[in-house]
Amino acid sequence: MRPETKPHIVIVGGGAGGLNLATRLSRSLGRRGLAEVTLVDENLTHMWKPSLHEFASGTKGNEDEISFLEHSNRNGYNFRLGRLSALDSEAKTILLDPVRDSAQKLLAPQRILHFDYLVMAIGSRSNDFGCKGVSEHCMFLDTPKQAKKMQAELLNLCLRLETGALGDGVSKLNICIIGGGATGVELAAELREATEQFARNGIDKLRDPSSVNITLIEAADRLVAALPDQVSEKVAQKLRSIDVDLRLSSMVEEATADGVRLKGGDMIPAELMIWAAGIKAPAILKDLNTFDIGSLGRLCTKPTLQTTKSDPVFAIGDCAECLWPEKGTSLPPRAQVASQQAEFMEAQLRRAIEGKPLEEFRYVDRGSLVAISKYSAVGSLMGKALGTMTIEGWLARRAYRYLHYAHESAVQGSWRATVRSLLSQAMKRVRPQLKLH
Ligand SMILES: Cc1cc2nc3c(=O)[nH]c(=O)nc-3n(C[C@H](O)[C@H](O)[C@H](O)COP(=O)(O)OP(=O)(O)OC[C@H]3O[C@@H](n4cnc5c(N)ncnc54)[C@H](O)[C@@H]3O)c2cc1C
(Lines give C-alpha, C1' and ligand atoms only; values in the text may rest on other atoms or scores of the structure.)
Protein backbone atom coordinates (compact mmCIF):
# COMPACT_ATOMS: atom_id res chain seq x y z
CA MET A 1 0.00 0.00 0.00
CA ARG A 2 2.73 2.49 0.91
CA PRO A 3 5.58 3.64 -1.38
CA GLU A 4 8.73 1.70 -0.46
CA THR A 5 10.93 4.77 -0.78
CA LYS A 6 9.39 6.71 2.09
CA PRO A 7 10.49 5.77 5.60
CA HIS A 8 7.54 4.74 7.74
CA ILE A 9 7.44 6.25 11.24
CA VAL A 10 5.02 4.53 13.60
CA ILE A 11 4.10 6.10 16.95
CA VAL A 12 2.28 3.91 19.47
CA GLY A 13 0.21 5.95 21.94
CA GLY A 14 -1.52 9.24 21.15
CA GLY A 15 -1.21 10.93 24.54
CA ALA A 16 0.64 14.04 25.70
CA GLY A 17 3.83 12.94 23.91
CA GLY A 18 2.58 10.77 21.02
CA LEU A 19 -0.10 13.06 19.60
CA ASN A 20 2.23 16.05 19.85
CA LEU A 21 4.91 14.13 17.94
CA ALA A 22 2.52 12.80 15.26
CA THR A 23 1.29 16.35 14.61
CA ARG A 24 4.79 17.79 14.35
CA LEU A 25 6.07 14.98 12.10
CA SER A 26 3.11 15.12 9.76
CA ARG A 27 3.62 18.86 9.32
CA SER A 28 7.40 18.74 8.86
CA LEU A 29 7.98 15.40 7.07
CA GLY A 30 4.61 13.90 6.11
CA ARG A 31 3.24 16.82 4.13
CA ARG A 32 6.54 17.23 2.27
CA GLY A 33 6.46 13.57 1.25
CA LEU A 34 9.64 12.80 3.22
CA ALA A 35 8.07 10.17 5.48
CA GLU A 36 4.83 8.37 6.14
CA VAL A 37 3.58 8.86 9.69
CA THR A 38 1.19 6.48 11.46
CA LEU A 39 -0.25 6.88 14.95
CA VAL A 40 -1.67 3.85 16.78
CA ASP A 41 -3.91 4.17 19.83
CA GLU A 42 -6.27 1.82 21.61
CA ASN A 43 -8.85 4.64 21.92
CA LEU A 44 -10.61 6.72 19.28
CA THR A 45 -10.09 9.98 21.15
CA HIS A 46 -7.30 11.85 22.88
CA MET A 47 -7.83 13.46 26.25
CA TRP A 48 -5.21 15.65 27.98
CA LYS A 49 -4.37 13.36 30.91
CA PRO A 50 -3.63 16.14 33.45
CA SER A 51 -7.35 17.07 33.17
CA LEU A 52 -8.62 13.59 34.04
CA HIS A 53 -9.40 14.54 37.65
CA GLU A 54 -11.70 17.30 36.37
CA PHE A 55 -13.56 14.85 34.09
CA ALA A 56 -13.73 12.36 36.97
CA SER A 57 -15.33 14.95 39.27
CA GLY A 58 -17.71 16.17 36.58
CA THR A 59 -16.41 19.75 36.77
CA LYS A 60 -15.24 19.51 33.16
CA GLY A 61 -17.22 18.23 30.17
CA ASN A 62 -15.76 16.23 27.31
CA GLU A 63 -15.53 19.16 24.86
CA ASP A 64 -11.72 18.99 25.03
CA GLU A 65 -11.55 15.47 23.60
CA ILE A 66 -9.83 15.25 20.22
CA SER A 67 -10.97 12.65 17.68
CA PHE A 68 -7.96 10.84 16.21
CA LEU A 69 -9.90 10.21 12.98
CA GLU A 70 -10.60 13.89 12.41
CA HIS A 71 -7.22 15.09 13.66
CA SER A 72 -5.23 12.64 11.51
CA ASN A 73 -7.27 13.51 8.45
CA ARG A 74 -6.75 17.24 8.95
CA ASN A 75 -3.02 16.94 9.68
CA GLY A 76 -2.11 14.29 7.11
CA TYR A 77 -0.99 11.26 9.12
CA ASN A 78 -2.55 7.77 9.33
CA PHE A 79 -4.47 6.73 12.40
CA ARG A 80 -4.83 3.04 13.30
CA LEU A 81 -7.14 1.94 16.10
CA GLY A 82 -5.42 -0.91 17.89
CA ARG A 83 -3.74 -2.14 21.03
CA LEU A 84 -0.06 -3.03 20.75
CA SER A 85 0.45 -6.62 21.84
CA ALA A 86 3.83 -7.65 20.39
CA LEU A 87 6.91 -6.18 18.76
CA ASP A 88 9.53 -7.83 16.59
CA SER A 89 12.51 -5.48 16.44
CA GLU A 90 14.41 -7.72 13.98
CA ALA A 91 11.55 -7.87 11.46
CA LYS A 92 10.59 -4.26 12.37
CA THR A 93 6.93 -5.10 12.88
CA ILE A 94 4.37 -4.57 15.59
CA LEU A 95 1.27 -6.67 16.22
CA LEU A 96 -2.03 -5.00 17.06
CA ASP A 97 -4.68 -6.96 18.94
CA PRO A 98 -8.22 -7.05 17.55
CA VAL A 99 -10.46 -4.26 18.87
CA ARG A 100 -14.11 -4.96 19.75
CA ASP A 101 -17.02 -2.71 20.64
CA SER A 102 -18.99 -2.98 23.89
CA ALA A 103 -21.16 -5.73 22.34
CA GLN A 104 -17.96 -7.64 21.46
CA LYS A 105 -18.42 -7.05 17.72
CA LEU A 106 -15.13 -6.75 15.88
CA LEU A 107 -14.13 -3.16 15.09
CA ALA A 108 -10.64 -3.92 13.84
CA PRO A 109 -9.02 -7.33 13.29
CA GLN A 110 -5.53 -8.34 14.40
CA ARG A 111 -2.99 -6.53 12.23
CA ILE A 112 0.73 -6.35 11.64
CA LEU A 113 2.32 -2.98 10.93
CA HIS A 114 5.78 -2.56 9.49
CA PHE A 115 7.95 0.33 10.64
CA ASP A 116 11.30 1.84 9.78
CA TYR A 117 11.29 3.90 12.98
CA LEU A 118 9.06 3.18 15.97
CA VAL A 119 8.32 5.56 18.85
CA MET A 120 6.79 4.00 21.95
CA ALA A 121 4.61 6.51 23.83
CA ILE A 122 2.09 4.35 25.69
CA GLY A 123 2.22 6.25 28.99
CA SER A 124 1.77 4.69 32.42
CA ARG A 125 -0.75 3.11 34.76
CA SER A 126 -1.35 3.39 38.51
CA ASN A 127 0.87 1.19 40.62
CA ASP A 128 -0.93 -0.53 43.51
CA PHE A 129 2.37 -2.10 44.69
CA GLY A 130 0.43 -5.34 45.26
CA CYS A 131 -1.41 -3.80 48.23
CA LYS A 132 -4.21 -6.12 49.39
CA GLY A 133 -7.74 -5.36 48.18
CA VAL A 134 -6.78 -2.33 46.11
CA SER A 135 -7.56 -3.73 42.65
CA GLU A 136 -10.99 -4.96 43.88
CA HIS A 137 -12.14 -1.95 45.89
CA CYS A 138 -10.34 1.16 44.66
CA MET A 139 -10.90 3.19 41.53
CA PHE A 140 -8.00 4.41 39.38
CA LEU A 141 -7.53 7.50 37.28
CA ASP A 142 -5.43 6.39 34.31
CA THR A 143 -7.78 6.54 31.33
CA PRO A 144 -10.77 8.59 30.13
CA LYS A 145 -12.90 5.44 30.58
CA GLN A 146 -11.94 5.23 34.26
CA ALA A 147 -12.54 8.96 34.71
CA LYS A 148 -16.06 8.59 33.25
CA LYS A 149 -16.71 5.59 35.51
CA MET A 150 -15.61 7.60 38.56
CA GLN A 151 -17.87 10.50 37.59
CA ALA A 152 -20.85 8.13 37.32
CA GLU A 153 -19.98 6.49 40.64
CA LEU A 154 -19.73 9.86 42.42
CA LEU A 155 -23.04 11.04 40.99
CA ASN A 156 -24.75 7.78 41.97
CA LEU A 157 -23.37 7.98 45.51
CA CYS A 158 -24.71 11.51 45.90
CA LEU A 159 -28.12 10.42 44.56
CA ARG A 160 -28.20 7.43 46.93
CA LEU A 161 -27.39 9.69 49.86
CA GLU A 162 -30.15 12.10 48.86
CA THR A 163 -32.82 9.43 48.32
CA GLY A 164 -31.93 7.42 51.42
CA ALA A 165 -30.80 4.45 49.33
CA LEU A 166 -27.47 4.44 51.18
CA GLY A 167 -29.29 3.34 54.33
CA ASP A 168 -31.57 4.78 57.01
CA GLY A 169 -29.93 7.57 58.93
CA VAL A 170 -26.84 7.78 56.67
CA SER A 171 -26.13 11.48 56.35
CA LYS A 172 -22.47 11.53 55.32
CA LEU A 173 -20.32 10.52 52.37
CA ASN A 174 -16.76 9.36 52.92
CA ILE A 175 -14.24 9.66 50.14
CA CYS A 176 -10.71 8.44 50.54
CA ILE A 177 -7.82 9.17 48.19
CA ILE A 178 -4.59 7.25 48.58
CA GLY A 179 -1.50 9.08 47.34
CA GLY A 180 -0.58 12.67 48.10
CA GLY A 181 1.27 13.40 44.86
CA ALA A 182 -0.03 15.93 42.34
CA THR A 183 -2.82 13.60 41.12
CA GLY A 184 -4.17 12.88 44.62
CA VAL A 185 -3.94 16.52 45.71
CA GLU A 186 -5.66 17.85 42.58
CA LEU A 187 -8.36 15.20 42.79
CA ALA A 188 -9.08 15.92 46.47
CA ALA A 189 -9.63 19.62 45.74
CA GLU A 190 -11.72 18.88 42.64
CA LEU A 191 -13.95 16.47 44.57
CA ARG A 192 -14.53 19.13 47.23
CA GLU A 193 -15.57 21.55 44.48
CA ALA A 194 -17.80 18.87 42.85
CA THR A 195 -19.64 18.05 46.08
CA GLU A 196 -20.25 21.77 46.69
CA GLN A 197 -21.71 21.96 43.20
CA PHE A 198 -23.93 18.94 43.89
CA ALA A 199 -25.26 20.78 46.95
CA ARG A 200 -26.17 23.73 44.71
CA ASN A 201 -27.82 21.43 42.18
CA GLY A 202 -30.44 19.54 44.12
CA ILE A 203 -28.51 17.23 46.46
CA ASP A 204 -29.75 18.99 49.58
CA LYS A 205 -28.11 16.61 52.04
CA LEU A 206 -24.71 17.89 50.87
CA ARG A 207 -25.51 21.51 51.83
CA ASP A 208 -23.76 21.03 55.15
CA PRO A 209 -20.03 20.97 54.21
CA SER A 210 -19.36 18.42 56.95
CA SER A 211 -21.61 15.93 55.12
CA VAL A 212 -18.65 14.93 52.91
CA ASN A 213 -15.43 13.70 54.48
CA ILE A 214 -12.51 13.76 52.08
CA THR A 215 -9.40 12.05 53.43
CA LEU A 216 -6.06 12.15 51.65
CA ILE A 217 -3.58 9.49 52.77
CA GLU A 218 0.15 9.83 52.06
CA ALA A 219 2.98 7.54 53.16
CA ALA A 220 5.61 10.33 53.20
CA ASP A 221 5.61 13.05 55.84
CA ARG A 222 4.62 15.71 53.29
CA LEU A 223 2.44 16.11 50.22
CA VAL A 224 3.83 16.44 46.66
CA ALA A 225 7.18 15.20 47.96
CA ALA A 226 8.85 15.73 44.54
CA LEU A 227 8.36 19.51 44.89
CA PRO A 228 10.15 21.94 47.24
CA ASP A 229 9.20 21.93 50.98
CA GLN A 230 7.67 25.37 50.71
CA VAL A 231 5.26 24.21 47.98
CA SER A 232 4.29 21.12 50.03
CA GLU A 233 3.46 23.32 53.02
CA LYS A 234 1.32 25.69 50.98
CA VAL A 235 -0.52 22.79 49.30
CA ALA A 236 -1.25 21.24 52.73
CA GLN A 237 -2.47 24.60 54.06
CA LYS A 238 -4.81 25.09 51.09
CA LEU A 239 -6.25 21.59 51.34
CA ARG A 240 -6.88 21.97 55.07
CA SER A 241 -8.65 25.26 54.38
CA ILE A 242 -11.20 23.37 52.22
CA ASP A 243 -11.60 20.66 54.88
CA VAL A 244 -9.57 17.88 53.34
CA ASP A 245 -8.40 15.62 56.14
CA LEU A 246 -4.67 14.90 55.64
CA ARG A 247 -3.20 11.66 56.94
CA LEU A 248 0.56 12.02 56.41
CA SER A 249 3.17 9.35 57.26
CA SER A 250 0.37 6.78 56.91
CA MET A 251 0.78 3.52 55.02
CA VAL A 252 -2.24 1.71 53.64
CA GLU A 253 -2.23 -1.97 54.54
CA GLU A 254 -5.47 -3.06 52.93
CA ALA A 255 -8.52 -1.76 51.08
CA THR A 256 -11.82 -3.44 51.92
CA ALA A 257 -15.43 -2.97 50.79
CA ASP A 258 -15.92 -0.65 53.80
CA GLY A 259 -12.80 1.48 53.64
CA VAL A 260 -9.07 1.58 54.03
CA ARG A 261 -7.04 -0.01 56.82
CA LEU A 262 -3.79 1.70 57.76
CA LYS A 263 -0.64 0.06 59.14
CA GLY A 264 -1.13 0.25 62.86
CA GLY A 265 -4.80 -0.75 62.58
CA ASP A 266 -6.70 2.54 62.02
CA MET A 267 -9.70 2.02 59.75
CA ILE A 268 -10.86 4.90 57.52
CA PRO A 269 -14.42 4.23 56.34
CA ALA A 270 -15.12 5.11 52.71
CA GLU A 271 -17.80 4.59 50.12
CA LEU A 272 -15.48 5.81 47.37
CA MET A 273 -11.76 4.97 47.36
CA ILE A 274 -9.33 6.20 44.73
CA TRP A 275 -5.80 4.90 44.42
CA ALA A 276 -3.31 7.48 43.11
CA ALA A 277 -0.11 6.38 44.83
CA GLY A 278 2.47 6.16 42.08
CA ILE A 279 2.75 4.80 38.57
CA LYS A 280 4.27 1.96 36.58
CA ALA A 281 4.58 1.32 32.85
CA PRO A 282 1.88 -0.75 31.09
CA ALA A 283 2.45 -4.49 31.68
CA ILE A 284 2.81 -5.21 27.94
CA LEU A 285 6.33 -3.73 27.95
CA LYS A 286 7.65 -6.61 30.07
CA ASP A 287 6.47 -9.08 27.40
CA LEU A 288 8.44 -7.31 24.66
CA ASN A 289 11.42 -9.40 25.65
CA THR A 290 14.05 -7.79 23.48
CA PHE A 291 14.22 -4.64 25.62
CA ASP A 292 15.97 -3.59 28.81
CA ILE A 293 13.28 -2.87 31.38
CA GLY A 294 14.09 -0.35 34.11
CA SER A 295 12.44 0.69 37.34
CA LEU A 296 8.62 0.80 37.23
CA GLY A 297 8.69 -1.49 34.18
CA ARG A 298 9.73 1.27 31.77
CA LEU A 299 11.80 0.93 28.59
CA CYS A 300 15.42 1.93 29.21
CA THR A 301 16.62 4.52 26.72
CA LYS A 302 19.94 6.02 25.72
CA PRO A 303 20.29 9.83 25.92
CA THR A 304 19.28 9.85 22.21
CA LEU A 305 15.92 8.34 23.33
CA GLN A 306 16.68 5.17 21.38
CA THR A 307 15.90 2.06 23.40
CA THR A 308 19.12 0.48 24.66
CA LYS A 309 18.64 -2.77 22.68
CA SER A 310 17.18 -1.53 19.38
CA ASP A 311 18.28 1.62 17.57
CA PRO A 312 15.21 2.14 15.35
CA VAL A 313 12.92 1.89 18.40
CA PHE A 314 12.63 5.06 20.51
CA ALA A 315 10.63 5.67 23.69
CA ILE A 316 9.23 8.91 25.12
CA GLY A 317 7.04 10.08 27.99
CA ASP A 318 5.96 8.05 31.01
CA CYS A 319 6.86 4.67 29.46
CA ALA A 320 10.53 5.66 28.95
CA GLU A 321 13.27 5.45 31.54
CA CYS A 322 15.71 8.16 30.56
CA LEU A 323 18.50 9.40 32.78
CA TRP A 324 18.41 12.96 34.16
CA PRO A 325 22.16 13.55 34.46
CA GLU A 326 21.84 16.80 36.48
CA LYS A 327 19.91 14.97 39.23
CA GLY A 328 21.37 11.46 38.91
CA THR A 329 17.82 10.03 38.68
CA SER A 330 15.51 9.17 35.82
CA LEU A 331 13.23 11.81 34.34
CA PRO A 332 9.90 12.19 36.17
CA PRO A 333 6.60 11.04 34.63
CA ARG A 334 5.28 14.46 33.66
CA ALA A 335 3.49 15.96 30.69
CA GLN A 336 6.29 18.52 30.54
CA VAL A 337 8.86 15.76 29.90
CA ALA A 338 6.62 14.05 27.29
CA SER A 339 6.07 17.28 25.34
CA GLN A 340 9.74 18.32 25.39
CA GLN A 341 10.67 14.82 24.19
CA ALA A 342 8.07 15.03 21.41
CA GLU A 343 9.56 18.31 20.21
CA PHE A 344 13.06 16.83 20.35
CA MET A 345 12.01 13.63 18.56
CA GLU A 346 10.72 15.52 15.53
CA ALA A 347 14.22 16.87 14.86
CA GLN A 348 15.84 13.58 15.93
CA LEU A 349 13.85 11.54 13.40
CA ARG A 350 14.67 14.06 10.69
CA ARG A 351 18.37 13.61 11.51
CA ALA A 352 17.95 9.80 11.45
CA ILE A 353 16.23 9.85 8.06
CA GLU A 354 18.86 12.20 6.62
CA GLY A 355 21.64 9.94 7.94
CA LYS A 356 23.00 12.65 10.25
CA PRO A 357 24.41 11.88 13.72
CA LEU A 358 21.77 11.75 16.45
CA GLU A 359 21.80 14.23 19.33
CA GLU A 360 21.23 13.76 23.07
CA PHE A 361 17.99 14.86 24.71
CA ARG A 362 18.35 17.51 27.45
CA TYR A 363 15.39 18.11 29.74
CA VAL A 364 14.80 21.67 30.90
CA ASP A 365 12.82 21.72 34.14
CA ARG A 366 10.53 24.74 34.03
CA GLY A 367 8.98 23.95 37.41
CA SER A 368 5.77 22.28 38.51
CA LEU A 369 2.33 23.51 39.40
CA VAL A 370 -0.39 21.87 41.43
CA ALA A 371 -3.99 23.07 40.98
CA ILE A 372 -6.28 23.25 44.01
CA SER A 373 -9.43 23.17 41.84
CA LYS A 374 -10.99 26.63 41.35
CA TYR A 375 -9.60 27.63 44.75
CA SER A 376 -5.97 28.23 43.83
CA ALA A 377 -2.77 26.75 42.44
CA VAL A 378 0.67 26.48 43.96
CA GLY A 379 4.02 25.66 42.47
CA SER A 380 7.47 26.66 41.48
CA LEU A 381 8.68 28.16 38.23
CA MET A 382 12.26 27.78 37.08
CA GLY A 383 14.27 29.74 34.58
CA LYS A 384 17.78 31.05 34.00
CA ALA A 385 16.78 34.62 34.90
CA LEU A 386 14.24 33.67 37.59
CA GLY A 387 16.09 30.94 39.46
CA THR A 388 13.43 29.01 41.37
CA MET A 389 10.38 31.05 42.27
CA THR A 390 7.39 29.85 44.28
CA ILE A 391 4.08 31.15 43.00
CA GLU A 392 0.47 30.75 44.08
CA GLY A 393 -3.03 32.07 43.56
CA TRP A 394 -4.28 33.70 40.36
CA LEU A 395 -0.88 33.81 38.64
CA ALA A 396 -0.20 30.14 39.38
CA ARG A 397 -3.70 29.24 38.20
CA ARG A 398 -3.05 31.06 34.88
CA ALA A 399 0.33 29.36 34.48
CA TYR A 400 -1.31 25.96 35.18
CA ARG A 401 -4.00 26.60 32.55
CA TYR A 402 -1.26 27.69 30.13
CA LEU A 403 0.20 24.12 30.20
CA HIS A 404 -2.97 22.77 28.64
CA TYR A 405 -3.16 25.68 26.21
CA ALA A 406 0.46 25.02 25.10
CA HIS A 407 -0.42 21.37 24.43
CA GLU A 408 -3.56 22.37 22.52
CA SER A 409 -1.51 24.85 20.48
CA ALA A 410 1.02 22.18 19.59
CA VAL A 411 -1.61 19.69 18.41
CA GLN A 412 -4.36 21.98 17.10
CA GLY A 413 -2.42 25.07 16.02
CA SER A 414 -2.57 28.32 18.00
CA TRP A 415 -5.59 29.81 16.19
CA ARG A 416 -7.74 26.72 16.78
CA ALA A 417 -6.46 26.38 20.37
CA THR A 418 -7.39 30.00 21.13
CA VAL A 419 -10.90 29.61 19.69
CA ARG A 420 -11.43 26.33 21.59
CA SER A 421 -10.23 27.93 24.81
CA LEU A 422 -12.55 30.95 24.37
CA LEU A 423 -15.48 28.66 23.54
CA SER A 424 -14.77 26.54 26.57
CA GLN A 425 -14.76 29.67 28.80
CA ALA A 426 -18.04 30.81 27.22
CA MET A 427 -19.66 27.38 27.68
CA LYS A 428 -18.79 27.49 31.37
CA ARG A 429 -21.08 30.49 31.71
CA VAL A 430 -24.08 28.94 30.01
CA ARG A 431 -24.05 25.31 31.13
CA PRO A 432 -24.22 23.77 34.64
CA GLN A 433 -20.89 23.94 36.49
CA LEU A 434 -21.09 20.20 36.99
CA LYS A 435 -22.00 17.21 34.85
CA LEU A 436 -25.25 15.94 36.39
CA HIS A 437 -26.06 12.94 34.22
C1 LIG B 1 -4.94 13.33 37.22
C2 LIG B 1 -3.57 13.61 36.65
C3 LIG B 1 -3.03 14.89 36.74
C4 LIG B 1 -1.78 15.16 36.18
N5 LIG B 1 -1.29 16.45 36.27
C6 LIG B 1 -0.12 16.74 35.69
C7 LIG B 1 0.38 18.08 35.70
O8 LIG B 1 -0.25 18.98 36.25
N9 LIG B 1 1.58 18.34 35.08
C10 LIG B 1 2.30 17.35 34.47
O11 LIG B 1 3.38 17.64 33.92
N12 LIG B 1 1.87 16.07 34.45
C13 LIG B 1 0.68 15.73 35.04
N14 LIG B 1 0.22 14.44 35.00
C15 LIG B 1 1.07 13.39 34.36
C16 LIG B 1 0.88 13.45 32.83
O17 LIG B 1 -0.48 13.31 32.52
C18 LIG B 1 1.69 12.35 32.17
O19 LIG B 1 3.02 12.45 32.59
C20 LIG B 1 1.62 12.47 30.66
O21 LIG B 1 0.29 12.38 30.19
C22 LIG B 1 2.48 11.37 30.00
O23 LIG B 1 2.35 11.48 28.61
P24 LIG B 1 2.55 10.19 27.69
O25 LIG B 1 2.43 10.66 26.29
O26 LIG B 1 3.78 9.47 28.10
O27 LIG B 1 1.33 9.22 28.06
P28 LIG B 1 -0.23 9.47 28.05
O29 LIG B 1 -0.57 10.89 27.94
O30 LIG B 1 -0.76 8.69 29.21
O31 LIG B 1 -0.71 8.74 26.69
C32 LIG B 1 -0.56 7.34 26.49
C33 LIG B 1 -1.41 6.95 25.28
O34 LIG B 1 -1.09 5.61 24.93
C35 LIG B 1 -2.28 4.88 24.64
N36 LIG B 1 -1.98 3.47 24.90
C37 LIG B 1 -1.66 2.90 26.09
N38 LIG B 1 -1.39 1.59 25.93
C39 LIG B 1 -1.53 1.32 24.61
C40 LIG B 1 -1.37 0.13 23.81
N41 LIG B 1 -0.99 -1.06 24.33
N42 LIG B 1 -1.61 0.22 22.48
C43 LIG B 1 -1.99 1.40 21.91
N44 LIG B 1 -2.14 2.54 22.61
C45 LIG B 1 -1.90 2.51 23.95
C46 LIG B 1 -3.32 5.51 25.55
O47 LIG B 1 -4.65 5.32 25.06
C48 LIG B 1 -2.91 6.99 25.54
O49 LIG B 1 -3.56 7.70 24.52
C50 LIG B 1 -1.03 14.13 35.56
C51 LIG B 1 -1.56 12.83 35.49
C52 LIG B 1 -2.82 12.56 36.01
C53 LIG B 1 -3.39 11.15 35.92
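Just so we're clear, the structure is a prediction, and the values are computed from it rather than from any experiment. (Residues numbered from 1 in each chain as written. Predicted model: local features only at pLDDT ≥ 70, side-chain atom pairs only at ≥ 80, totals over all residues. Heavy atoms only, no water.)

Student: What should I look at first to understand the pattern of salt bridges in this one?
Tutor: This structure, assessed with the given rule, holds 22 salt bridges. The shortest N-O distance in the salt bridge between Asp292 and Lys309 comes to 3.0 Å. Taken as a pair, Asp292 in the loop between helix 8 (284–287) and strand 21 (299–300) and Lys309 in the loop between strand 22 (306–307) and strand 23 (310–315) lie far apart in primary sequence, 17 residues in all. According to the relative accessible area criterion, Asp292 is partly exposed, its value standing at 28%. (Salt bridge = Lys/Arg side-chain N within 4 Å of Asp/Glu carboxyl O. Helix = DSSP H or I, 4+ residues; strand = E, 2+ residues; numbered from the N terminus. Buried < 20%, exposed > 50% of the residue type's maximum accessible area, 1.4 Å probe, protein only.)

Student: How should the UniProt feature "domain: FAD/NAD(P)-binding" (unreviewed entry) in the protein be read in this particular structure?
Tutor: With numbering aligned to this structure, UniProt lists the feature "domain: FAD/NAD(P)-binding" (unreviewed entry) at residues 8–342. For the annotated span residues 8–342, helix accounts for 28% and strand for 28% of the residues, and the straight-line distance between the end C-alpha atoms is 17 Å. (UniProt positions renumbered as here; feature names shortened; annotations may be inferred.)

Student: Explain the site of the ligand to me, please; I cannot follow it from the model alone.
Tutor: Among the 29 residues in the neighbourhood of the ligand, the closest are listed as Gly17, Asp41, Leu84, Asp318 and Ala335. A distance of 2.8 Å is found between an oxygen atom of the ligand and a backbone nitrogen or oxygen belonging to Gly17. Within the side chain of Asp318, one N or O atom sits 2.8 Å away from an oxygen atom of the ligand. Summarising the interface, the protein chains cover 91% of the accessible area of the ligand, which totals 1,000 Å² for the free molecule. When residues of the shell around the ligand are traced back to their parent elements, those giving at least two are strand 6 (83–88), helix 6 (182–200) and helix 9 (335–353). No other element matches helix 9, which puts three residues into the shell around the ligand. Residues from two domains meet in the shell around the ligand; each of domain 1 (8–124 + 281–353) and domain 2 (134–278) gives at least three. (Near = heavy atom within 4 Å. Polar contact = N/O pair within 3.5 Å; in protein donor to acceptor, adjacent residues only side chain to side chain. Areas by Shrake-Rupley, 256 points an atom, 1.4 Å probe, with all protein chains shown as cover. Domains from an automatic or database assignment.)

Student: What exactly am I supposed to notice about the pairing of strand 16 (residues 252–256) here?
Tutor: Walk down a regular strand and you will see the side chains alternate between the two sheet faces. The buried fraction of strand 16 is high, at four of five residues. As judged from the four bridges shared by strand 16 and strand 17 (residues 259–262), these two strands associate in the antiparallel manner. Paired with Val252 across the bridge in strand 17 is Leu262. Where strand 16 folds back on strand 17, the antiparallel hairpin that results is connected by two residues. (Pairing = 2+ DSSP bridges.)

Student: Explanation requested: the packing of helix 1 (residues 18–30) against helix 10 (residues 394–412) in the structure shown.
Tutor: A packed helix pair is summarised by two numbers, namely the angle formed by the two axes and the spacing between the axes. Taken N-terminus to C-terminus, the directions of helix 1 and helix 10 make an angle of 35 degrees; their axes are 8 Å apart at the nearest point. Contacts from Leu19, Asn20, Thr23, Arg24 and Arg27 in helix 1 reach Ala410, Val411 and Gln412 in helix 10. Taken together, the residues of the contact of helix 1 with helix 10 sort by class into three nonpolar, three polar and two charged. (Axes fitted to C-alpha atoms, helices over the stretch in contact; angles between N-to-C directions. Contact = heavy atoms within 4.5 Å. Nonpolar A, V, L, I, M, F, W, Y, C, P; charged D, E, K, R; others polar.)

Student: Just to check I follow, could you spell out helix 7 (residues 229–241) for this structure?
Tutor: Given 3.6 residues per turn, any residue in an α-helix points the same way as the ones three and four places further on. Relative to the 18 Å expected for 13 residues at 1.5 Å per residue, helix 7 spans 18 Å between its end C-alpha atoms, a close match to the ideal helical length. Looking at helix 7, one finds that the buried residues are Val231, Ser232, Val235, Ala236 and Leu239. Looking straight down helix 7, one finds its buried side chains confined to an arc of 135 degrees; they lie on one side. Away from the buried face of helix 7 by more than 90 degrees, exposed residues Glu233, Gln237 and Ser241 are located. Asp243 sits one or two residues past helix 7 and shows a positive phi near 60 degrees. (Expected span 1.5 Å × (residues − 1). Arc of directions from axis to C-beta.)

Student: Looking at this structure, how should I read the packing of helix 5 (residues 144–163) against helix 6?
Tutor: Where helix 5 contacts helix 6, the axes come no closer than 12 Å and their chain directions differ by 45 degrees. Comparing the axis directions of helix 5 and helix 6 gives the class oblique. Crossing handedness for the pair helix 5 and helix 6: right-handed. Here Met150, Leu154, Leu155 and Cys158 of helix 5 lie close against helix 6, whose contacting residues are Leu187, Leu191, Ala194 and Phe198. Looking at side-chain class alone, the contact of helix 5 with helix 6 contains eight nonpolar, no polar and no charged residues. (Parallel < 35°, antiparallel > 145°, perpendicular 65-115°, else oblique. Left-handed = near helix turned anticlockwise from the far one by under 90°.)

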